[in-house]
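Residues per chain, in single letters:
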Amino acid sequence: MAPSSKADKKAAGDVAAWSFNVVTSVGIIIVNKALMANYGFFFATTLTGMHFVTTSLMTIVLRWLGYIQASHLPLADLLKFVLFANFSIVGMNISLMWNSVGFYQIAKLSMIPVSCLLEVAFDKIRYSRDTKLSIVVVLLGVAVCTVTDVSVNTKGFVAAFVAVWSTALQQYYVHYLQRKYSLSSFNLLGHTAPVQAGSLLLLGPLVDYWLTNKRIDHFAFTFPSLVFIILSCTIAVGTNLSQFICIGRFTAVSFQVIGHMKTILVLILGFLFFGKEGLNIQVIVGMIIAVFGMIWYGNASSKPGGKERRSHSIKHGSDSSQLDDKV
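Just so it is clear, the structure is predicted and the values come from calculations on it, not from any experiment.

J.: How should the pattern of salt bridges be read in this particular structure?
T.: Opposite charge on two side chains lets them pair, provided their charged atoms get close. Applying the stated criterion across every chain yields a total of 3 salt bridges. Asp217 is the partner of Arg215 in a salt bridge, and the nearest nitrogen-oxygen pair spans 2.7 Å. We classify Asp217 as exposed; its relative accessible area is 51%.

J.: For this particular structure, what's the right way to read unusual backbone geometry?
T.: The phi angle of most residues is negative, glycine excepted, and most peptide bonds adopt the trans form. Positive phi values are uncommon outside glycine, yet Lys124 reaches one of about 55 degrees. Its location among the elements puts Lys124 in the loop between α5 (111-123) and β1 (125-127).

J.: Whenever I open this one, a nonpolar patch on the surface confuses me. Can you help?
T.: Residues Leu83, Phe87, Ile106, Val150, Val152, Phe157, Val158, Phe161 and Val162 make up a contiguous nonpolar surface patch of roughly 790 Å² in combined accessible area. For the nonpolar patch, the secondary structure elements donating two or more residues are α3 (75-98) and α7 (154-180). Looking at the nonpolar patch element by element, the count peaks at 4 residues for α7. For Phe87, the location among the structural elements is in helix α3.

J.: Would you mind going over the environment of Glu119 with me for this structure?
T.: With respect to the secondary-structure elements, Glu119 resides in helix α5. Judged by its relative accessible area of 3%, Glu119 is buried. When the C-alpha positions of Glu119 and Ala252 are compared, they lie 8.5 Å apart, and in sequence the two are 133 residues distant. Apart from residues lying up to four places away in sequence, Glu119 is in contact with Lys124, Ile125, Tyr127, Thr251, Ala252, Val253 and Lys307.

J.: How should I be thinking about the side chain of Thr48 in this particular structure?
T.: Within the secondary structure, Thr48 sits in helix α2 (residues 44-65). With relative accessibility at 16%, the residue Thr48 sits in the buried group. Once you skip the residues sitting within four places of it in the chain, Thr48 turns out to touch Ile89 and Leu200.

J.: How should I be thinking about the nonpolar core in this particular structure?
T.: Phe81, Tyr173, Leu177 and Leu188 are the most contacted members of the largest nonpolar core, which has 42 residues in total. Elements that contribute at least two residues to this core include exactly α1 (3-39), α2, α3, α4 (101-109), α5, α7, α8 (185-212) and α9 (223-249). Element by element, the count of residues in this core is highest for α7, at 9 residues. Residues within four places of Tyr173 in sequence aside, it is in contact with Asp77, Lys80, Phe81 and Phe84. Counting 18 residues, the second-largest nonpolar core is a separate cluster that includes Ile112, Tyr127, Val138 and Leu139.

J.: What's the story with the packing of α7 against α9 in this structure? I'm lost.
T.: For any two helices packed against each other, one specifies the crossing angle of their axes together with the interaxial distance. Between α7 and α9, whose axes approach to 9 Å, the crossing angle comes to 70 degrees. When the axis of α7 is compared with that of α9, the two are roughly perpendicular. The two elements α7 and α9 meet at a crossing, and its hand is right-handed. Residues Gln170, Gln171, Val174, His175 and Gln178 of α7 touch α9, and the partners they reach there are Gln243, Phe244, Ile247 and Gly248. Its residues assigned to classes, the contact of α7 with α9 shows 3 nonpolar, 6 polar and no charged.

J.: How should I be thinking about helix α11 (residues 281-302) in this particular structure?
T.: Given 3.6 residues per helical turn, the α-helix brings residues three or four places apart onto the same face. Taking 1.5 Å per residue, 22 residues should reach 32 Å; α11 reaches 32 Å between its end C-alpha atoms and fits that length. All buried positions along α11 are accounted for by Val283, Gly286, Met287, Ala290, Gly293, Met294, Tyr297, Ala300 and Ser301. Around the axis of α11, the buried residues are gathered within 165 degrees of arc, so they sit on the same side. Structural note: α11 exposes Ile281, Ile288 and Ile295 on the side pointing more than 90 degrees away from its buried face.

J.: I keep staring at the packing of aromatic side chains and nothing clicks. Help me out?
T.: By convention here, two paired aromatic rings are described through the distance between centres and the angle between planes. Within this structure, the stated rule accounts for 14 aromatic pairs. Summarising the aromatic geometry, the rings of Trp98 and Trp210 are spaced 5.7 Å apart at their centres and angled 90 degrees between planes, so their arrangement reads as edge-to-face. In this pair, Trp98 is assigned in helix α3 and Trp210 in helix α8, connecting sequence segments 112 residues apart. For Trp98, a relative accessible area of 24% corresponds to the partly exposed category. With a centroid separation of 6.2 Å and 40 degrees between ring planes, the pair formed by Phe161 and Trp165 is classed as tilted. With Phe161 and Trp165 both in helix α7 and 4 residues apart, this pair spans about one turn of that helix. Of the residues examined, Trp165 reaches a relative accessible area of 28% and is grouped as partly exposed. Through a chain of ring-to-ring contacts, the aromatic side chains of Phe84, Phe122, Tyr172, Tyr173 and Tyr176 assemble into a single cluster. Here Lys155 stacks its cationic end above the ring of Trp98, 4.8 Å away from the centre of that ring.

Criteria and thresholds
- Residues numbered from 1 in each chain as written.
- Predicted model: local features only at pLDDT ≥ 70, side-chain atom pairs only at ≥ 80, totals over all residues.
- Heavy atoms only, no water.
- Salt bridge = Lys/Arg side-chain N within 4 Å of Asp/Glu carboxyl O.
- Buried < 20%, exposed > 50% of the residue type's maximum accessible area, 1.4 Å probe, protein only.
- Helix = DSSP H or I, 4+ residues; strand = E, 2+ residues; numbered from the N terminus.
- Patch = residues over 30% accessible without salt bridge, like charges linked within 9 Å, V, L, I, M, F, W, Y side chains within 5 Å.
- Areas by Shrake-Rupley, 256 points an atom, 1.4 Å probe, with all protein chains shown as cover.
- Contact = heavy atoms within 4.5 Å.
- Core = buried A, V, L, I, M, F, W, Y, C linked by side-chain atoms within 4.5 Å.
- Axes fitted to C-alpha atoms, helices over the stretch in contact; angles between N-to-C directions.
- Parallel < 35°, antiparallel > 145°, perpendicular 65-115°, else oblique.
- Left-handed = near helix turned anticlockwise from the far one by under 90°.
- Nonpolar A, V, L, I, M, F, W, Y, C, P; charged D, E, K, R; others polar.
- Expected span 1.5 Å × (residues − 1).
- Arc of directions from axis to C-beta.
- Phe/Tyr/Trp six-rings, centres within 6.5 Å; stacked < 30°, edge-to-face > 60°.
- Lys NZ or Arg CZ within 6 Å of the ring centre and 35° of its normal.

That is the geometry; function is a separate question.
What follows is the structure in C-alpha cells.
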C-alpha cells in the first residue's frame, strides 16, 4: 500500500475513533444527567460498576465470536491499572462533592499538564514550543467556559489531587499496557472490565451511601428509571471501548486535549436540552478559544518535532520500530 494511502486510512480511522468516543461520551453524560435530575438516581459509583458489568458481557460475546484472542496481562499490572481506575472514579465523585464547581473544573484541566509530565518522565516525550502554546490555549478556552467561582478547602484539595493523578495514571497505563503487551483495545478491556465491575459493585453502594447518605436498596425503581439505567449501561460499552481505542491510537495527552471538545458539546447540548441559563458571552468566547487551541494542537503536534520521543523507552514486538517517530 502506498504511503499516502496508509496515511489516508489512518486519518479515517482516527476520525472514526474520535467520533465514536465523542458521541458515546456526550451521550452518556446527557443520559446520566437526566437519570439523576428526573429520577433522583445519585448512585454514580454503583452505576459505573453496572457499566463495567455490561462491558464485561460485551467482551465475553466478542471472545465467543473470535474478535478477542487469548492474551496475557500480568496480575500485578492488572491490579495496578484497576487501582488507578477505581481511585479515578471515586476521586472524581468525591472531588465534585467537596469542591466548588470552579475548583473541580480547574482540577480536571490540570490533568493535561500532569499527563504531559508522565509522558516526559516515562516516555521521554519532547514537545515543541507551538505544541506547548496550543495546550495553554486549550486550557485557557475551557477555563473561560467552565470556571466560575473558585473556593478551596483542604479535604477538597486532597480529593482533587488523588482524582487528577489517578486519572492521568490510568489513561497513561492504557497506552502503556497496549504497547508493552501488544494488546488490542478489546483484549485490554477483556482483562480489566470484569475486575472493575466486581470491585465497583462491591464498594459502590458503600461509597455512594457515604457521599449521598442514600442507600441504593431503598431506591424506588420505576420502569422509566430502569430504561434510563439500561440505556446508560448500553452507551457505556461504547464509551469504555472508545476510550481504550483512542488512547491506544494516540496518547493520554492528545486524548485529554482533543477530548475537551466533549466539554464544549456538553455545554451546547445542556443549553439545548436543559435551559438557556448556561450559555452567555463568556461561554461562547471560551468555546471559540478552546476550539482554536485544539486545531492548533492538532497541526503543531503532527509536524516534525512537534511531539517526539527522545530515546527508546519500550521495545516490545512491532511497536519498537515506531519509538522515535511522532506520537
